[in-house]
Amino acid sequence: MGPLSAARPRRGWNMNWIRPPETVRRFTPHQLLQHWIAGALWVVLAGSALAAGSGVGGSRLHAAAGIAGLFLLGYHAIVLAAIGIRFDLPAESVAFLPWGREWSALRGRRGSRADDGKYSPAEKGDYLAILAWSCLAAASGILLRWPSFFGVPGASAYGWIRTAHAGFGAALTVHLIAIHLPRRWWNAPVDFRRAILTGSVSLREAEKRAGWVRDLVARGVLVPIPEATESAEDRESVEVREFLERGNRLAREGKFGEACDSYGQALRLLPDYSQARFNLSVALLRDGRMEEAREQLKIFLEKDPFNPMVERAREMLDGTGKGTM
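Residues numbered from 1 in each chain as written. Predicted model: local features only at pLDDT ≥ 70, side-chain atom pairs only at ≥ 80, totals over all residues. Heavy atoms only, no water.

1. Topic: the packing of aromatic side chains
Aromatic ring pairs are reported here in terms of the distance separating the ring centres and the angle at which the planes meet. All chains considered together, the criterion is met by four aromatic pairs. With a centroid separation of 6.4 Å and 35° between ring planes, the pair formed by phenylalanine 27 and tyrosine 119 is classed as tilted. One end of the pair, phenylalanine 27, is in the loop between strand S1 (23-25) and helix H1 (29-53); the other, tyrosine 119, is in the loop between helix H3 (102-107) and helix H4 (121-145), with 92 residues separating them in the sequence. Judged on exposure class, the residue phenylalanine 27 and its partner tyrosine 119 are both buried. (Phe/Tyr/Trp six-rings, centres within 6.5 Å; stacked < 30°, edge-to-face > 60°. Helix = DSSP H or I, 4+ residues; strand = E, 2+ residues; numbered from the N terminus. Buried < 20%, exposed > 50% of the residue type's maximum accessible area, 1.4 Å probe, protein only.)

Structure, rendered in C-alpha cells:
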C-alpha cells in the first residue's frame, strides 16, 4: 500500500482523504460527445436558417440538420431516462431538474455555493432552458416537415407554426449566446472550462461543493482517513485501510458479497470506523440484504451522528423501510 496523502485542510470538510485523485469526473466521454454533436448541429441550424432567410438557400441543409437534431434529442432523452432508472437518482441529483429550494436560488440568480451538489442551481436551470427551447423547436419543426401527416389545417396555420418555430430557434440561440456560453465558459473557473474538453475537474474545485463530495464519498471515489486513535495507530491501522480499499474495489466490480466481508474485517479490527460501516451498509443493500443493511445504518447513525454522510444514511434507512432501495 502506498503512502497516505499529505494532510491538508479541505474547504468545508474536517477530514483528509486516502490516496485522493488529482481530478474527478464531471462529464463522461459519452456526455462530451453528445455535447459537441449538439453544438455542431446548432451552428449548422443557425447558419442555414440565416441563409434561407436571406434567400441564399440552405433550406435542405436546415431540414437535414433538424432531423439529425431530432434524433439526437430523442436519444438524449432515452439516455437520461435510462441513467435515472439504472442508478435510482434522487430528484435533486438530476442535472436538468432544479429541486426544492434550488428554484428560489435560481430566482435570486446566485452562483454556486458550498452546499451545492455536482451541478449548481444555475447550471441546472441553464440545462433545463436549453432542453425546453430545443423540444419546442423540434416539435414545431416536425409539424413543418410533415404537415399533412399531423393534420395542419391550412396555409395560415402553417405560417403561424413557421413563425413559432423561428421564435423558438431564436430564443434558444439567444439563451446559448447570452447565458450558456458566458456563464458556463467565459466566466467559469478555468477547471470548469477545461471540463468541456476533458470531462474532469480538479479535486480542489470539486471540494468547494459539499454535495458533490458527499456523492464521491458514497461512491468510494474519496475515502476519508479515519480519525487517529491510539489503538488504531499502535495496532492495525494500515490493515484496516487495506480492508476498506479492498472492499471499495470489490464493490466497484459488483462483488458486493465479498465487499461486505472486507468491510466486516475492517470493522472487526476497528469497530468505530464509520466509513467502513457506511460502505458496508451500501454493499449490503446492493447485495439485497435489507435487514442487515438497516441494522448497520442504525449503528452508523448512533455511533457517529455528526458524520457528513448522516443525511444520506437516513435517506437509505427510510428507503429500506419502504422497500424502495
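So much for the structure itself; the text now carries on.
2. A closer look at the side chain of aspartate 126
Counting through the fold element by element, aspartate 126 comes out in helix H4. On the accessibility criterion, aspartate 126 (3% relative accessible area) is buried. Among the polar contacts listed, one links the side chain of aspartate 126 to the side chain of histidine 175, at a separation of 2.6 Å. Ignoring any residue separated from it by four or fewer positions in sequence, one finds aspartate 126 in contact with His175, Ile179, His180 and Arg184. (Polar contact = N/O pair within 3.5 Å; in protein donor to acceptor, adjacent residues only side chain to side chain. Contact = heavy atoms within 4.5 Å.)

3. Here we look at the pattern of salt bridges
Counted according to the given criterion, the structure contains eleven salt bridges. Notably, a salt bridge pairs glutamate 245 with arginine 19, separated by 3.5 Å at the nearest N-O pair. Note that glutamate 245 is positioned in helix H10 (residues 237-252) and arginine 19 in the segment before S1, a separation of 226 residues in sequence. Relative accessible area serves as the criterion here: at 40%, arginine 19 is assigned to the partly exposed category. Through salt bridges with shared partners, a single network forms among Arg26, Glu123 and Arg209. (Salt bridge = Lys/Arg side-chain N within 4 Å of Asp/Glu carboxyl O.)

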